[in-house]
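A closer look at the structure
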Amino acid sequence: MAADQAALAAPPHPTTEPRAVRLAAIALALGFLAFFLALPLVAVFHEALRGGVSAYLAAFDDPDTWSAIHLTILVAAIAVPANLVFGLAASWAVAKFEFRGKSLLVTLIDLPFSVSPVVSGMCYVLLFGAQGYFGHYLQSYGIQIIFAVPGIVLATIFVTFPFVARELIPLMQEQGVAEEEAALSLGAGGWRTFWSVTLPNVRWALLYGVLLCNARAMGEFGAVSVVSGHLRGLTNTVPLQVEILYNDYNFIAAFAVASLLACLGLVTLGVKSALEWRYGDELASGRRH
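Procedures and definitions
- Residues numbered from 1 in each chain as written.
- Predicted model: local features only at pLDDT ≥ 70, side-chain atom pairs only at ≥ 80, totals over all residues.
- Heavy atoms only, no water.
- UniProt positions renumbered as here; feature names shortened; annotations may be inferred.
- Helix = DSSP H or I, 4+ residues; strand = E, 2+ residues; numbered from the N terminus.
- Rg over C-alpha atoms; globule rule 2.2 N^0.38 Å.
- Buried < 20%, exposed > 50% of the residue type's maximum accessible area, 1.4 Å probe, protein only.
- Contact = heavy atoms within 4.5 Å.
- Areas by Shrake-Rupley, 256 points an atom, 1.4 Å probe, with all protein chains shown as cover.
- Lys, Arg positive; Asp, Glu negative; His and termini not counted.
- Charge placed at Lys NZ, Arg CZ, Asp CG, Glu CD.
- Core = buried A, V, L, I, M, F, W, Y, C linked by side-chain atoms within 4.5 Å.
- Patch = residues over 30% accessible without salt bridge, like charges linked within 9 Å, V, L, I, M, F, W, Y side chains within 5 Å.
- Salt bridge = Lys/Arg side-chain N within 4 Å of Asp/Glu carboxyl O.
- Disulfide = S-S within 2.5 Å.
- Phe/Tyr/Trp six-rings, centres within 6.5 Å; stacked < 30°, edge-to-face > 60°.
- Expected span 1.5 Å × (residues − 1).

An unreviewed UniProt entry lists the protein chain under the name Sulfate transport system permease protein CysW, with Hansschlegelia beijingensis as the source organism. Of the protein chain, the UniProt comment under Subcellular location (unreviewed entry) reads exactly: "Cell inner membrane".

1. A closer look at the overall build of the protein chain
Counting its regular elements, the protein chain contains 17 helices and zero strands. Whereas a compact globule of 289 residues would reach a radius of gyration of roughly 19 Å, the protein chain reaches 24 Å, over 25% beyond that. Judged by the C-alpha coordinates and their principal axes, the protein chain covers about 80 × 60 × 30 Å. Residue burial in the protein chain is summarised as follows: out of 289 residues, 36% are buried. Contacts spanning at least 24 positions in sequence make up 73% of the contacts within the protein chain whose residues lie at least 6 apart. In the form shown here, the protein chain has an accessible surface area of approximately 16600 Å², with 70% of it arising from carbon and sulfur atoms. Across the protein chain, the centroid of the 15 positively charged side chains sits 5 Å from that of the 19 negatively charged ones.

2. Focus: the environment of Leu207
Within the secondary structure, Leu207 is located in helix α13 (residues 203-219). As for Leu207 and Leu23, which are separated by 184 residues in sequence, their C-alpha atoms are 36 Å apart.

3. Re the UniProt feature "domain: ABC transmembrane type-1" (unreviewed entry) in the protein chain
Residues annotated in UniProt with the feature "domain: ABC transmembrane type-1" (unreviewed entry) correspond here to residues 69-270. End C-alpha to end C-alpha, residues 69-270 measures 22 Å, and it is 78% helix and 0% strand.

4. Structural notes on the side chain of Thr72
Structurally, Thr72 can be placed in helix α4 (residues 63-96). Contacts of Thr72, omitting those with residues within four sequence positions, involve Met218, Thr237 and Val238.

5. Remarks on the nonpolar core
Ranked by internal contacts, the top residues of the largest apolar core, which has 18 residues, are Leu88, Val164, Leu168, Leu199, Val202, Leu206 and Cys213. Elements that contribute at least two residues to this core include exactly α4, α10 (162-175), α12 (190-201) and α13. Apart from residues no more than four positions distant in its own chain, Val164 is found in contact with Asn83, Leu84, Gly87, Leu206, Gly209, Val210 and Cys213. Core analysis: the next-biggest nonpolar cluster, separate from the first, contains 16 residues, Tyr124, Ala155, Phe158 and Phe161 among them.

6. Some details on a nonpolar patch on the surface
Judged by side-chain polarity, Leu23, Ile26, Leu30, Phe32, Leu33, Phe35, Phe36, Leu37 and Leu39 come together as a nonpolar surface patch covering roughly 940 Å² of accessible area. Residue placement: Ile26 occurs in helix α2 (residues 19-48). Among the residues examined, Ile26 registers a relative accessible area of 49% and is labelled partly exposed.

7. Let's talk about the state of the cysteines
Within this structure, the stated rule accounts for zero disulfides. The thiol of Cys123 is not disulfide-bonded; the next cysteine sulfur, from Cys213, is found 19 Å away.

8. Here's the deal with the packing of aromatic side chains
Applying the stated criterion across every chain, the model contains 16 aromatic pairs. Summarising the aromatic geometry, the rings of Trp92 and Phe97 are spaced 6.3 Å apart at their centres and angled 50 degrees between planes, so their arrangement reads as tilted. Exposure remark for Trp92: the relative accessible area of 23% places this residue in the partly exposed category. Judged by its relative accessible area of 47%, Phe97 falls in the partly exposed class. Where Trp92 meets Phe194, the ring centres are 4.6 Å apart and the plane angle is 35 degrees; that geometry is what we call tilted. Of this pair, Trp92 sits in helix α4 while Phe194 is found in helix α12, placing the two residues 102 residues apart along the sequence. Aromatic rings pair up to connect Phe86, Tyr124, Phe128, Phe134, Phe158 and Phe161 into one cluster.

9. Digging into α13
Between its terminal C-alpha atoms α13 stretches 24 Å, which fits the 24 Å expected from 17 residues at 1.5 Å a residue. Residues Ala205, Leu206, Tyr208, Gly209, Leu211, Cys213, Ala217 and Met218 constitute the buried set of α13.

If you want it as structure tokens, here you go:
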């Protein structure tokens, strides 16, 4: 009788598979991660340092490489704040208000996830290229978007704008509007409520979204490749510079520059893990849905 009661009180085991099956599944998952994720990263750093530290540093003496680094930082410095503002505005509107077209807005936010970056780049060429719908009009005013920095910024914003909004919308929806209504009832205005109540409640999820947005902005290849024109020293970002160096058989320089993107990914992963460890409940609630 006591044994039966103990059996009923014990929590159910999450799986009934034999231990050997569980170990095999874990080994398969770890092997997959090692082969498809860890091994390529190790190969990048190995090839970058194969000629020694001096050869690695010499890869960054190229003016075109520094131009690509500066352009990548510039594009991210424009695209990330733009997506930060859009993500806050969109998530606040979706989570805190009811209006016609709300579901359409949510669908449009997810659009870059379902559209190939190359297709999005082609759309901008169709709109703003020399033979595009607005190309002749822009050229008459001396405005160049395609094969110039504005086109790269627009393409980067397009492929990265869901990241901030998608981190904030579920979290804001779960939090509801009770705290904002309480602040308003105490006499706080709309901006005061936003800065004092809404924003502090989502600050870590916002930081997480900005982090992912920045990593994607600096590493974007497909859309930027279409709209940039591959002009050396002018419109090449770091991913495009890696491709050019590799196609020129300058393998050490190509992997050295690629290691910058790899380091960016590792830093992003590290900060992501730190945020999840420190503020895991808030971040998990934002991705639960």
